[in-house]
Amino acid sequence: ERKKDADAEARRLERHKETGSLTVPSKDGVGTYLRRWLKEVMRGRLRARTWSDYDGVLRRYVEEPREDAPPFRSIRMDRLTPEAIQSLYHHLQEKQGLSPRTVRSLHAVIRQGIAHAARTGAAARNVADLVVLPKQQRREVKAMSPEQASAFLEAARADRYYPLWCVLLTGGLRPGEALALRWPDLD
């Protein structure tokens, strides 16, 4: 049976070779591969802020991790397993105290990079899809009462950002939304 399996695999590889679709998985380390992917593939496709966020999580948690972190960056792409990724995430949460949201941000970068590797043949498949992510806790938002909002605005009246505080409280906007407003947006 093993000979039969080996013969079938040899025929499959020969077909891929003949059609030009045979690719060899990358032997680069995960850190090296992801950095090249981010620089060469994603740089022009992401907004500057998004690229900076991707660059930051990749550098902090993959390329320049703490000394006690698992040796994730040096694992060869052709030997990367879901368990290696899971181990990194476990370490980041349990030993470094990272929030589920930060781990999920790192996962988004790793998953996209490995998806690219799978599309181009640098990886056999996207093993990041097999990882169990930490559950994100939802925090209950506590809104100010009308009395608290009035007291806040009264105390902030002399503040140079008083108009911003009024817009935030009365419009229900998030800070980024309020800061992005322009005069044409107002009625």
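Treat the numbers as computed from the prediction; the structure is a model and nothing was measured.

Caption draft 1: Summary view of the packing of aromatic side chains. Here the structure, examined in full by the defined rule, presents 1 aromatic pair. For the ring pair Phe152 and Trp165, a centre distance of 5.9 Å and an interplane angle of 75° mean the geometry is edge-to-face. Of this pair, Phe152 sits in helix H6 (residues 146-155) while Trp165 sits in helix H7 (residues 162-171); the two residues are 13 residues apart in sequence, bridging distant segments of the chain. The exposure class assigned to Phe152 is partly exposed, which follows from its relative accessible area of 31%.

Caption draft 2: Structural detail: a nonpolar patch on the surface. Residues Val167, Leu181, Trp183 and Leu186 make up a contiguous nonpolar surface patch of roughly 430 Å² in combined accessible area. In this structure, Leu181 sits in the segment after helix H8 (175-179).

Caption draft 3: Region of the structure containing the packing of helix H2 (residues 30-42) against helix H3 (residues 48-63). Running from amino to carboxyl end, H2 crosses H3 at an angle of 170°, the nearest separation of the two axes being 11 Å. Relative to H3, the element H2 lies roughly antiparallel. On H3, the residues touching Gly31, Leu34, Arg35, Trp37, Leu38 and Met42 of H2 are Trp51, Tyr54, Asp55, Leu58, Arg59, Val62 and Glu63. Classifying every residue of the contact of H2 with H3 by side-chain character gives 8 nonpolar, 1 polar and 4 charged.

Caption draft 4: A look at the packing of H6 against H7. Closest axis-to-axis distance for the H6/H7 pair is 10 Å, and the angle between their directions is 165°. Taken together, the axes of H6 and H7 are roughly antiparallel relative to one another. As H6 runs across H7, the sense of the crossing is left-handed. Residue-level inspection shows Ala149, Phe152 and Leu153 of H6 in contact with H7, the latter providing Tyr162, Trp165, Cys166 and Leu169.

Caption draft 5: Spatial organisation of the pattern of salt bridges. In this structure the tally under the stated criterion is 11 salt bridges. Between Lys3 and Asp7 there is a salt bridge; the shortest N-O distance is 3.2 Å. Remark: Asp7 and Lys3 occur in helix H1 (residues 2-19); sequence separation between them is 4 residues, near one turn of the helix. Taking the relative accessible area as the measure of exposure, Lys3 reaches 61% and is therefore exposed. With relative accessibility at 32%, the residue Asp7 sits in the partly exposed group. Residue Glu63 is joined to Arg35 by a salt bridge in which the shortest nitrogen-to-oxygen separation is 2.7 Å. Of this pair, Glu63 sits in helix H3 while Arg35 sits in helix H2; the two residues are 28 residues apart in sequence, bridging distant segments of the chain. Judged by its relative accessible area of 16%, Arg35 falls in the buried class. A single network of salt bridges, built from pairs that share partners, joins Arg35, Asp55 and Glu63.

Caption draft 6: Looking closely at the side chain of His107. On the secondary structure map, His107 appears in helix H5 (residues 100-120). Overall, the relative accessible area of 6% leaves His107 in the buried class. Polar contacts involving the side chain of His107 include one to the side chain of Tyr89, which spans 2.8 Å. If sequence neighbours within four positions are ignored, His107 has contacts with Tyr89, Ala128, Val131 and Leu133.

Caption draft 7: The arrangement of the confidence of the model for the protein chain in detail. For the protein chain, the average pLDDT comes to 90, and 95% of its residues sit at 70 or higher. When pLDDT is averaged over each element of the protein chain, helix H4 (residues 82-94) comes out on top at 96 and H1 at the bottom at 76.

Definitions and cut-offs
- Residues numbered from 1 in each chain as written.
- Predicted model: local features only at pLDDT ≥ 70, side-chain atom pairs only at ≥ 80, totals over all residues.
- Heavy atoms only, no water.
- Phe/Tyr/Trp six-rings, centres within 6.5 Å; stacked < 30°, edge-to-face > 60°.
- Helix = DSSP H or I, 4+ residues; strand = E, 2+ residues; numbered from the N terminus.
- Buried < 20%, exposed > 50% of the residue type's maximum accessible area, 1.4 Å probe, protein only.
- Patch = residues over 30% accessible without salt bridge, like charges linked within 9 Å, V, L, I, M, F, W, Y side chains within 5 Å.
- Areas by Shrake-Rupley, 256 points an atom, 1.4 Å probe, with all protein chains shown as cover.
- Salt bridge = Lys/Arg side-chain N within 4 Å of Asp/Glu carboxyl O.
- Axes fitted to C-alpha atoms, helices over the stretch in contact; angles between N-to-C directions.
- Parallel < 35°, antiparallel > 145°, perpendicular 65-115°, else oblique.
- Contact = heavy atoms within 4.5 Å.
- Nonpolar A, V, L, I, M, F, W, Y, C, P; charged D, E, K, R; others polar.
- Left-handed = near helix turned anticlockwise from the far one by under 90°.
- Polar contact = N/O pair within 3.5 Å; in protein donor to acceptor, adjacent residues only side chain to side chain.
- pLDDT = per-residue confidence, 0-100.

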